[in-house]
Number of protein chains: 2
Amino acid sequence: MNFQNRKQLIVQTVEERGSVDVRELADLLRTSEMTVRRDLVQLASMGLIYRTRGGAMRVSLATDKHTFANKTAVNAERKDYICRLAAQEIQEGDVIFMDCGSTVFRLCQFIRNKRITVVTNSLPVMAELMTSDVSINLVGGEVDKERQAIHGLIAEEHMARYRANRAFIGIDGISLANGLSANSEKEASTATTMARQSDKVYLLCDSSKLETNKYLHFAPLTMFDVLITDQEAPTDVVTAYRQAGVTLLNE
Amino acid sequence: MNFQNRKQLIVQTVEERGSVDVRELADLLRTSEMTVRRDLVQLASMGLIYRTRGGAMRVSLATDKHTFANKTAVNAERKDYICRLAAQEIQEGDVIFMDCGSTVFRLCQFIRNKRITVVTNSLPVMAELMTSDVSINLVGGEVDKERQAIHGLIAEEHMARYRANRAFIGIDGISLANGLSANSEKEASTATTMARQSDKVYLLCDSSKLETNKYLHFAPLTMFDVLITDQEAPTDVVTAYRQAGVTLLNE
DNA sequence: TTTGTTTTGAACAAAAATAAACAATTTTAA
DNA sequence: TTAAAATTGTTTATTTTTGTTCAAAACAAA
């Protein structure tokens, strides 16, 4: 088996599978890992594949997907439950805001095939929806590398130019006594702006965050219209919220 | 068995099997490996087969159809050469515009460790610089999924709010007679805006694009300050550009 | 931050393929 | 038939490719 033959197999495998690692290829080609590496270097320089650490992937996938998609899976089930409820609220033709929380990110998978416009400041959301039917409007401004989002003055101004049917906002903490709280000023101010520009505001908040307070209190409970949470929310808390006039959705 | 007979069998075998090695052919033809090699050299020079180390393969398999699929990698060496020159122009503390061309994208690798601010409408550029020392300002607006970039009215307005030291713009075509041309209106209008908002405008243009004209002519040669190209630009073309008053950099 | 793990690329040894040189064979043409 | 020319096979030197080992780099986790 010479380079040309291996080249064919490698490119083909990468195309089919999206990504492969060096060991797999070494097995498949019955050759050493060093040889595979040398091949990958060459193929990457030809632009036929995208070299990654430990293997290679399809060029088309390399640019966005993997760069952002590796996001937290903490409480994934609860979050998915919440997002399924949230997705049901969305109508064809809607313009919606999505902020940069990890809960809101999971909403992407449920709206892939909807004909809607998403305005977002979240890079993972943008990357995820690149390959969907959704049309995306990305908020411009300073890129916050740590949060993988756009924040700041210009971002606020950008959002202020749009009016949306709905806003979906992830929140770090909420309590009846103190209202909404966040871990950073940036997220708080993005949330406020999105809320102001939307007809209906949905708070996505898994039950572990109910009745918790974070560093910055930034808005009263009146800022939003619907609080969506999961079934594991304690009954007494749910009752208390409803009695306080909150529209709470968890089934 | 003479050459004519062997030739037939070899070509036929290669066509059927896709690829063969010297030993197989030597067995098949009941001749020595040396003779097979001599035959292969001849057949390859006639273009009937593609010679590989250890054997031969069908020409159609070796002449790669994917090679031109990935735009980023076409003329990669030239583009890197250009970008190395471009990077030398950048000073610490600069604010620079980078547009969404494939040439400009390759500038990323040369500026990773500079303390500068990049304003861009290109999602690949943004993704690439996420893990660098560069601070990024992303242009906001409608996401063009095909081009992986942000274009449109809002994007223009966003860019108009910034003033940069330099703009690096990839161009699809340039000619002394007709000036700058592009393959799409969107790219043309982004380029124009970036140029207007910068003190110094650099055009990155590999030599294969010199003296070519694309679909849309959108600006005269006066729009930019420096044209950066590679060493393979024909001497007479370089001379002509310089005589026309263009500042051309290619070494 | 430091630690531990994985991946990588350089250096060198081993193997494979090739080309060169020359001898042996076949073909060609007088 | 015979000598020159062309082709083929064998041996040997050279080049290219591959595999192994190991230190350094990159990454992830604590």
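Criteria and thresholds
- Residues numbered from 1 in each chain as written.
- Chains lettered and ligands numbered in written order.
- Predicted model: local features only at pLDDT ≥ 70, side-chain atom pairs only at ≥ 80, totals over all residues.
- Heavy atoms only, no water.
- UniProt positions renumbered as here; feature names shortened; annotations may be inferred.
- Helix = DSSP H or I, 4+ residues; strand = E, 2+ residues; numbered from the N terminus.
- Near = heavy atom within 4 Å.
- Polar contact = N/O pair within 3.5 Å; in protein donor to acceptor, adjacent residues only side chain to side chain.
- Nonpolar A, V, L, I, M, F, W, Y, C, P; charged D, E, K, R; others polar.
- Pairing = 2+ DSSP bridges.
- Core = buried A, V, L, I, M, F, W, Y, C linked by side-chain atoms within 4.5 Å.
- Buried < 20%, exposed > 50% of the residue type's maximum accessible area, 1.4 Å probe, protein only.
- Contact = heavy atoms within 4.5 Å.
- Domains from an automatic or database assignment.
- Axes fitted to C-alpha atoms, helices over the stretch in contact; angles between N-to-C directions.
- Buried area = accessible area lost by both parts, 1.4 Å probe.
- Salt bridge = Lys/Arg side-chain N within 4 Å of Asp/Glu carboxyl O.
- Phe/Tyr/Trp six-rings, centres within 6.5 Å; stacked < 30°, edge-to-face > 60°.

*Asks:* Would you explain the UniProt feature "domain: HTH deoR-type" (unreviewed entry) in chain A in this entry?
*Replies:* Those places that UniProt annotates as "domain: HTH deoR-type" (unreviewed entry) correspond, in this numbering, to residues 3–58 of chain A. Its end C-alpha atoms 19 Å apart, residues 3–58 of chain A is made of 64% helix and 16% strand.

*Asks:* Teacher, can you tell me more about the protein's contact with DNA strand D here?
*Replies:* The immediate surroundings of DNA strand D are formed by 14 residues, with R6(A), T35(A), R38(A), R6(B) and T35(B) found nearest. A breakdown of the atoms of DNA strand D within 4 Å of the protein gives sugar and phosphate a share of 58%. T31(A) places a side-chain nitrogen or oxygen 2.7 Å from a phosphate oxygen of DNA strand D. R6(B) places a side-chain nitrogen or oxygen 2.6 Å from a phosphate oxygen of DNA strand D. Of all the elements in the fold, those that place two or more residues in the surface near DNA strand D are α3 (33–45) of chain A together with α3 (33–45) of chain B. Grouping the amino acids of the surface near DNA strand D by side-chain chemistry returns two nonpolar, six polar and six charged.

*Asks:* It is not clear to me how the pairing of strand β7 (residues 141–144) of chain A should be interpreted in this structure. Could you clarify?
*Replies:* Two faces make up the sheet, and in a regular strand the side chains alternate between them. Here β7(A) pairs with strand β6 (residues 135–138) of chain B via two bridges, running antiparallel. When the bridges of β6(B) are listed, E142(A) appears paired with N137(B). Sheet topology note: the β7(A)/strand β8 (residues 149–151) of chain A ladder contains three bridges and is antiparallel. Residue V143(A) lies in a different strand from β8(A), and its bridge partner there is I150(A). Counting the residues in the hairpin turn of β7(A) and β8(A) gives four residues, including Q148(A), whose phi is positive at 55 degrees.

*Asks:* Honestly, the protein's contact with DNA strand C in this entry has me stumped. Any pointers?
*Replies:* Taken together, 16 residues lie around DNA strand C, and R51(A), G54(A), R23(B), R51(B) and G54(B) are the ones closest in. The contact in question runs from a phosphate oxygen of DNA strand C to an N or O atom on the side chain of R23(A), over 3.1 Å. Contact between DNA strand C and R53(A): a sugar or linking oxygen at 3.4 Å from a side-chain N or O atom of the residue. Considered class by class, the residues forming the surface near DNA strand C number four nonpolar, four polar and eight charged.

*Asks:* So what exactly am I meant to see when it comes to the nonpolar core here?
*Replies:* Nonpolar side chains in soluble globular proteins generally cluster together in the buried interior. In terms of nonpolar packing, the biggest core is built from 124 residues, with I111(A), I174(A), L227(A), I111(B), I174(B), L180(B) and L227(B) touching the most fellow members. Formed by 15 residues, the second largest nonpolar core is a distinct cluster that contains V11(A), L25(A), L43(A) and I49(A).

*Asks:* Would you mind going over the side chain of N121(A) with me for this structure?
*Replies:* The topology assignment puts N121(A) in the loop between β5 (117–120) and α9 (123–129). Contact partners of N121(A), with chain neighbours within four places excluded, come to M98(A), D99(A), C100(A), V139(A), Q148(A), A149(A), I150(A), H151(A), T190(A) and M194(A).

*Asks:* Would you take a moment to explain the domain arrangement of chain A for this structure?
*Replies:* Note on interface size: it is often stated as the accessible area lost on association of the parts. The assigned domain composition of chain A is domain 1 (3–61) and domain 2 (76–249). Taking only C-alpha atoms into account, the centre of domain 1 of chain A sits 40 Å from that of domain 2 of chain A.

*Asks:* Would you mind going over the sheet that holds strand β11 (residues 179–182) of chain B with me for this structure?
*Replies:* Within a sheet, adjacent strands bond to each other through the backbone by hydrogen bonds, running parallel or antiparallel. Residue and element names in this part refer to chain B. The antiparallel open sheet is built from three strands, whose spatial order is β10-β11-β13. Pairing within the sheet leaves two strands with one partner each, and these edge strands are β10 (173–175) and β13 (216–219). Neighbour-to-neighbour, the strand axes of this sheet turn through a mean angle of 35 degrees, independent of strand direction. Summarising the sheet, β10 and β11 pair through three bridges and their orientation is antiparallel. Pairing of I174 across the sheet is with L180, part of β11. Contacts from helix α10 (residues 185–196) reach β11 and β13, with the element oriented near 10 degrees to β13.

*Asks:* Would you explain the interface of chain A and chain B in this entry?
*Replies:* With 38 residues of chain A at the contact, the number on the chain B side is 38 residues. Together, the buried faces of chain A and chain B total about 2900 Å²; carbon and sulfur atoms form 57% of this surface. Of all residues in chain A, the largest losses of buried area upon contact with chain B belong to Q4(A), M130(A) and K145(A), amounting jointly to 19% of the total for that side. Between R161(B) and E157(A) there is a salt bridge, with the nearest N and O atoms lying 2.1 Å from each other.

*Asks:* Where do I start with the packing of aromatic side chains in this structure?
*Replies:* Residues and elements named next belong to chain A. Throughout the structure, instances matching the rule amount to two aromatic pairs over all chains. Between F168 and Y202 the ring centres are 4.8 Å apart and the planes differ by 15 degrees, which places this aromatic pair in the stacked class. With F168 in strand β9 (residues 164–170) and Y202 in strand β12 (residues 198–204), the pair connects residues that are 34 residues apart, well separated along the chain. Assessed through its relative accessible area of 0%, F168 is described here as buried. Its relative accessible area of 0% is what places Y202 among the buried residues.

*Asks:* For this particular structure, what's the right way to read the pattern of salt bridges?
*Replies:* One side chain can pair with another of opposite charge once the charged atoms of both are near each other. Residues and elements named next belong to chain A. Evaluated as defined, the whole model comprises 26 salt bridges over all chains. For the salt bridge of E33 with R23, the shortest nitrogen-to-oxygen distance reads 3.4 Å. Taken together, the residues E33 in helix α3 and R23 in helix α2 (residues 22–29) connect sequence positions ten residues apart. Relative accessible area serves as the criterion here: at 29%, E33 is assigned to the partly exposed category. Relative accessible area serves as the criterion here: at 57%, R23 is assigned to the exposed category. Notably, a salt bridge pairs D199 with R163, separated by 3.2 Å at the nearest N-O pair. In this pair, D199 sits in strand β12 while R163 sits in the loop between α10 (153–160) and β9, placing the two residues 36 residues apart along the sequence. One continuous salt-bridge network, built from bridges that share partners, spans R78, D206, K209 and E232.

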